[in-house]
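For reference, the chains in residue letters:
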Amino acid sequence: MVRTSEPSPASGPSRLPTVPLRPLDVPAPQAQERARSFHEIMARRRTVRDFDDRPVPDGVLEWAVRTAATAPSGAHVQPWRFVVLTDPERKRRLRAAAEEEERAFYGRRASDEWLEALAPLGTDERKPFLETAPAVLVVFEVHKGPHTPRPYYTKESVGIAVGFLLASLHQAGLATLTHTPSPMRFLNEICDRPAEERGAYVIPVGYPAPGARVPDLARKQLDEVLVRL
């Protein structure tokens, strides 16, 4: 790879060396088909709560995290940490702590309006998937600490990275669920992480159980989400 310290005329002076951009060379006639094909794969992605006990194939989580870590981030600080839990005892502790917070959420924290919105999904304080999934990815935001810089647009950056992560795991044929218990400080103890790291997402990963079913939900149509001006 050829590096140069010359600033880009379009972007102004740069303190970092630059490298040639390596864009995907997709011929215009194929662009729509590529986008449509990716959509058809991603349109089959669903949140799964019933997992098989088959292990995740070797290397898949590592490649998915590598993909997540290509996401853009504020000032390129890359304020994320991905912790993989496969140890049954840690997953048991995770479930116990998460369910304690969820009992408080469903019992007194959530508004009636919020509970009404959740009702069609059939969710409650029980989170068995935190134990039954063969792997659980816990995603942390990394804030300023003794060895970490101040991040910028932290939640936005980590959210984009998690989107990349879910897409990569789905491409590999794996099912996921995004769980966001609140508060999440118990995750630091379970995952042995320092105080400057703050839990953001808990993502069970694995194969769906045989015969797994999901709610019959409809996604919004294009004209409901796209505006052209």
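This write-up is about the structure you can find in this document. This one's a predicted model, so the numbers in the text were calculated from it and none came from an experiment.

Let's talk about the side chain of Thr154
Inspection of the secondary structure assignment puts Thr154 in helix H6 (residues 154-171). The contact partners of Thr154, leaving out residues within four places of it in the chain, are Pro79, Glu141 and His143.

A short note on the packing of aromatic side chains
Within this structure, the stated rule accounts for two aromatic pairs. Taking 5.0 Å as the distance between ring centres and 90° as the angle between the ring planes, the aromatic pair formed by Phe105 and Tyr106 counts as edge-to-face. By relative accessible area, Tyr106 is classed as buried at 18%. Ring centres of Phe105 and Trp114 lie 4.8 Å apart, and the angle between their planes is 85°; this geometry places the pair in the edge-to-face category. Owing to a relative accessible area of 47%, Trp114 belongs among the partly exposed residues under this scheme. In this structure an aromatic cluster arises from ring pairing among Phe105, Tyr106 and Trp114. One Lys or Arg, Arg54, reaches over the ring of Tyr207 and ends 3.9 Å from the middle of that ring. Of note, Arg66 hangs over the ring of Trp63, and the distance from its end group to the ring centre comes to 4.3 Å.

Quick word on the sheet that holds strand S4 (residues 197-206)
The four strands are arranged S1-S2-S4-S3 in an open sheet whose pairing can be described as antiparallel. Bordering the open sheet on either side are strand S1 (80-85) and strand S3 (175-176), each of which pairs with just one other strand. Direction of pairing for S1 relative to strand S2 (residues 135-142): antiparallel, over a ladder of six bridges. When the sheet's bridge partners are listed, Arg81 is paired in S2 with Phe140. Seen against the sheet, helix H3 (residues 88-109) touches S1, S2 and S4 and runs at an angle of roughly 115° to S1. Each of S1, S2, S3 and S4 is contacted by H6, which is oriented at about 10° to S4, the strand it contacts most.

Calculation criteria
- Residues numbered from 1 in each chain as written.
- Predicted model: local features only at pLDDT ≥ 70, side-chain atom pairs only at ≥ 80, totals over all residues.
- Heavy atoms only, no water.
- Helix = DSSP H or I, 4+ residues; strand = E, 2+ residues; numbered from the N terminus.
- Contact = heavy atoms within 4.5 Å.
- Phe/Tyr/Trp six-rings, centres within 6.5 Å; stacked < 30°, edge-to-face > 60°.
- Buried < 20%, exposed > 50% of the residue type's maximum accessible area, 1.4 Å probe, protein only.
- Lys NZ or Arg CZ within 6 Å of the ring centre and 35° of its normal.
- Pairing = 2+ DSSP bridges.
- Axes fitted to C-alpha atoms, helices over the stretch in contact; angles between N-to-C directions.

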